[in-house]
Amino acid sequence: MGTLLDQIIKENDIKEIDPSDYGKLAKEIRGKLVRSVSRTGGHLASNLGTVELTMALHLCLDFPKDKLVWDVGHQSYVHKLLTGRGKDFGTLRKLDGISGFPKVKENPADTFNTGHSSTSISVALGLAKARDLRGDDEKVFAVIGDGALTGGMAFEALNNAAQMHSNIVVVLNDNNMSIARNVGGMSNYLGKIRTNQKYRDLKINLENALDKIPNVGHPIVKKLKNTKDSLKHLFIPGMLFEDMGLIYIGPLDGHNIEEMVTAFNTASKIHDQPVLVHVLTKKGKGYKPAERHPDIFHGVGRFNVKTGEVQVSSEKTYTDIFSEWLVESGKTNEELVSICAAMPDGTGVSEFLSTYPERSFDVGIAEEHAVTFAAGLAAGGMRPVVSLYSTFLQRCYDQILHDVCLNHLPVIFAVDRSGIVGKDGETHQGIFDISYLSTIPNMTILSPMDGEELKQMLNFALNSMKTTVSIRYPRGAAFVYGTEHEPVVYGKAEVLQNPLGARVLILAVGNMVETALETAGILGEAQPVSIVNMRFVKPLDEEMIVQLAQNHELVVTMEDNVYSGGFSQKVEACLQEQNMQGVRCVPVCLPDTFVEHGTVQELYERYEMDAKSVAKIIEGMLN
């Protein structure tokens, strides 16, 4: 016998489901989410919390005519199931399978490609204004989490929305969490609203009671209604959203489909004003392990469905090594401070936060503020370490350039998840940081080849550098080279091997040094290879590059970054400036593209950046 979910083979099919079966459908969806994500990994807790919310949205909207923009987009799994992608759901986040984020190329009901936070209201406002200019009538909804409201871009859009005199419906999905527990003024503000849910009932009861008072009550009620914010201001201080020009509805039970459908339909009929519908959901709802530990099940790997036990590797990661260094360095350096943007666990600063809470700052999903805040700390005599994923550091280019580097400030950027990160795909691959960081004056960029060198570079940045330093390192287990490194010297590379008779010189950056060593092992003694651990991407050790290149037939550059503006292009420019155009260069890097989702190894193989592919390329060039 088929399930209700089997009946949904395309968008809008949910409208054929009997309302009495909505609860059963929600249960089926949660079961499929848990089973699928337990095998593929992914964002589970956020999707479990938005099952009824997504169902209500699909009951109100007509896809693909109406537009639904998901902020970040990691909570769009239910949306994908309700648009007929259930049969492909087993391929979630797998190479050439469906993405864990909205993708327009997958389905036209995925209105906009998203992956970063606090963008949805801006996009929705643009879509709504385009609709108005065309004279069309589609509905435009944006779903944004309470954590994403810590991002300044969301407030820029809210500030602009009322001026447009255009209807969009902003659905605030409030589960009191983003990835980690929310922080800051917006979290406190929403907390006050959550604890005052009964103000609507109180308002109704008070109006009814006053209305019954002869000759007196009705004028008072009329006055209250004419000044509609009076009672709201009494029970919810500030009424921020209405003060900004939005109509506020809520808070609603985010697991009550009927209540949300009524609110969404009402909100979409207000043609000349934006509306914010505030819904309260429970992250991880329906699966006890995720309810108890929503942070662990936010972005989770494979796990046992029955026990909730998550498969965790025992191997030490680069993030683990950074975390240990940060805590140890904090003991002897009282000026050392830590800054992250809503991801203390992901970036490895949680232990420092618990050990030195007065020197730890989680600013929320506000990367731009994090960087300029760090600039202020540095100008005030502190030594800030800003811990961000490479993909999110992209958001801070102006702040790095204008506020940090222009002021010659000694900020250390711990750039986690550089290079290919795998299954989160295009929006999360850290493959642009060499290109965008190396354009900035007063910026030094290092990339360690193994875990031990990461510690060396962090110590070098803290103790020997008085300007800005970025240290980029990959996601996952740290490589163990097993041989002691030379001390880190500013702008100097490290020669790992330079055998007699070597025709090939490999200049490798960061984790690509491990691949270079594997490549040399494949080529064997018959084709000896020289290998240099570049260490510094900026400044380049041009002296060593030129000296070694003139003694080899082929120079191979290896980096986990795009070619445009990357390390390979800089090496080629260096050789041309030294009139060494006759030296053949082979760049092993990523093309000028956005890299899709898949495992890290699969993607390296697809782009011919794994050791076997590089060895084959070298043999072909030499022959």
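Residues numbered from 1 in each chain as written. Predicted model: local features only at pLDDT ≥ 70, side-chain atom pairs only at ≥ 80, totals over all residues. Heavy atoms only, no water.

### Regarding the overall build of the protein
Logical step 1: Counting secondary structure elements, the protein contains 25 helices and 17 strands.
Logical step 2: By residue count, 59% of the 623 residues in the protein fall in the buried class.
Logical step 3: Of the accessible surface of the protein, which amounts to about 25700 Å², a share of 52% is contributed by carbon and sulfur atoms. (Helix = DSSP H or I, 4+ residues; strand = E, 2+ residues; numbered from the N terminus. Buried < 20%, exposed > 50% of the residue type's maximum accessible area, 1.4 Å probe, protein only. Areas by Shrake-Rupley, 256 points an atom, 1.4 Å probe, with all protein chains shown as cover.)

### Regarding the environment of Gln163
Logical step 1: If you trace the backbone, Gln163 turns up in the loop between helix H6 (152-161) and strand E3 (169-174).
Logical step 2: Separated by 82 residues in sequence, Gln163 and Gly245 place their C-alpha atoms 8.2 Å apart.

### Digging into unusual backbone geometry
Logical step 1: In this structure, Pro64 follows Phe63 across a cis peptide bond, with omega equal to 0°.
Logical step 2: Relative to the assigned elements, Pro64 resides in the loop between helix H3 (51-60) and strand E1 (67-70).
Logical step 3: For the peptide bond that leads from Lys538 to Pro539, omega is 0°, which places it in the cis range.
Logical step 4: Topologically, Pro539 is positioned in the loop between strand E15 (536-538) and helix H22 (542-549).

### Focus: the packing of H3 against helix H12 (residues 257-268)
Logical step 1: Two elements in contact, H3 and H12, have axes separated by 9 Å at closest approach and are oriented at 45°. If you check the angle between H3 and H12, you find them oblique. Judged by the sense of rotation from one axis to the other, the crossing of H3 with H12 is right-handed. Mapping the contact onto sequence places Glu52, Leu53, Met55, Ala56, Leu57, Leu59 and Cys60 in H3 and Ile257, Met260, Val261, Phe264 and Asn265 in H12.
Logical step 2: Residue composition of the contact of H3 with H12, by class: ten nonpolar, one polar and one charged. (Axes fitted to C-alpha atoms, helices over the stretch in contact; angles between N-to-C directions. Parallel < 35°, antiparallel > 145°, perpendicular 65-115°, else oblique. Left-handed = near helix turned anticlockwise from the far one by under 90°. Contact = heavy atoms within 4.5 Å. Nonpolar A, V, L, I, M, F, W, Y, C, P; charged D, E, K, R; others polar.)

### A short note on the sheet that holds strand E17 (residues 584-590)
Logical step 1: One open sheet accounts for five strands, arranged E12-E14-E13-E16-E17; its pairing is mixed. The two strands at the open ends of the sheet, each matched to only one other strand, are strand E12 (494-497) and E17. Sheet twist, expressed as the average angle between the axes of neighbouring strands with direction ignored, equals 25°.
Logical step 2: When strand E13 (residues 504-508) meets strand E16 (residues 554-562), the two strands line up parallel, connected through five bridges. Counted as the bridge partner of Ala508 is Met558 from E16.
Logical step 3: Across the sheet, helix H21 (residues 512-523) is in contact with E12, E13, strand E14 (529-533) and E16; its angle to E14 comes to roughly 170°. (Pairing = 2+ DSSP bridges.)

### Examining the confidence of the model for the protein
Logical step 1: Overall, the predicted model of the protein reaches an average pLDDT of 91, with 90% of residues at or above 70.
Logical step 2: The model gives residues 224-235 a pLDDT under 50, and that stretch makes 19 contacts with residues more than four places away or in other chains. (pLDDT = per-residue confidence, 0-100.)

### Quick notes on the side chain of Asn533
Logical step 1: Here Asn533 lies in strand E14.
Logical step 2: At 2.9 Å, the side chain of Asn533 forms a polar contact with the side chain of Glu453. (Polar contact = N/O pair within 3.5 Å; in protein donor to acceptor, adjacent residues only side chain to side chain.)

### A word on the packing of H21 against helix H25 (residues 611-622)
Logical step 1: Orientation of H21 relative to H25, taken along the N-to-C sense of each, is 55°, at an axis distance of 8 Å. As the angle between them shows, H21 and H25 are arranged oblique. As H21 runs across H25, the sense of the crossing is right-handed. Contacts between H21 and H25 pair Thr515, Glu518, Thr519, Ile522 and Leu523 from the former with Ala611, Lys612, Val614, Ala615, Ile618 and Glu619 from the latter.
Logical step 2: Considering only residue class, the contact of H21 with H25 consists of six nonpolar, two polar and three charged.

### Some remarks on the nonpolar core
Logical step 1: Phe322, Ile471, Ile506, Val556, Met558 and Ile618 are the most contacted members of the largest nonpolar core, which has 59 residues in total.
Logical step 2: Ignoring anything within four residues of it in the chain, the contact list for Ile618 reads Val504, Ile506, Thr519, Leu523, Leu554 and Val556.
Logical step 3: If you look at the next biggest cluster of nonpolar residues, it comprises 55 residues, including Ile98, Ile247, Val275 and Val300. (Core = buried A, V, L, I, M, F, W, Y, C linked by side-chain atoms within 4.5 Å.)

### Focus: the pairing of strand E5 (residues 275-280)
Logical step 1: When you tally the buried positions in E5, you get six out of six residues, the bulk of the element.
Logical step 2: On E5, burial covers both faces: Val275, Val277 and Val279 on one face and Leu276, His278 and Leu280 on the other are all buried.
Logical step 3: Taken together, the six bridges between E3 and E5 define a ladder with parallel strand orientation. In the strand pairing of E5, Val171 is matched with Val277.

### With respect to the pattern of salt bridges
Logical step 1: The final tally for this structure, using the stated rule, is 27 salt bridges.
Logical step 2: The partner of Asp132 in a salt bridge is Arg131, and the shortest N-O contact between them spans 3.0 Å.
Logical step 3: The exposure class of Arg131 is buried, given its relative accessible area of 6%.
Logical step 4: Here the salt bridges do not stand alone but share partners, grouping Lys80, Arg85, Glu106 and Asp110 into one network. (Salt bridge = Lys/Arg side-chain N within 4 Å of Asp/Glu carboxyl O.)

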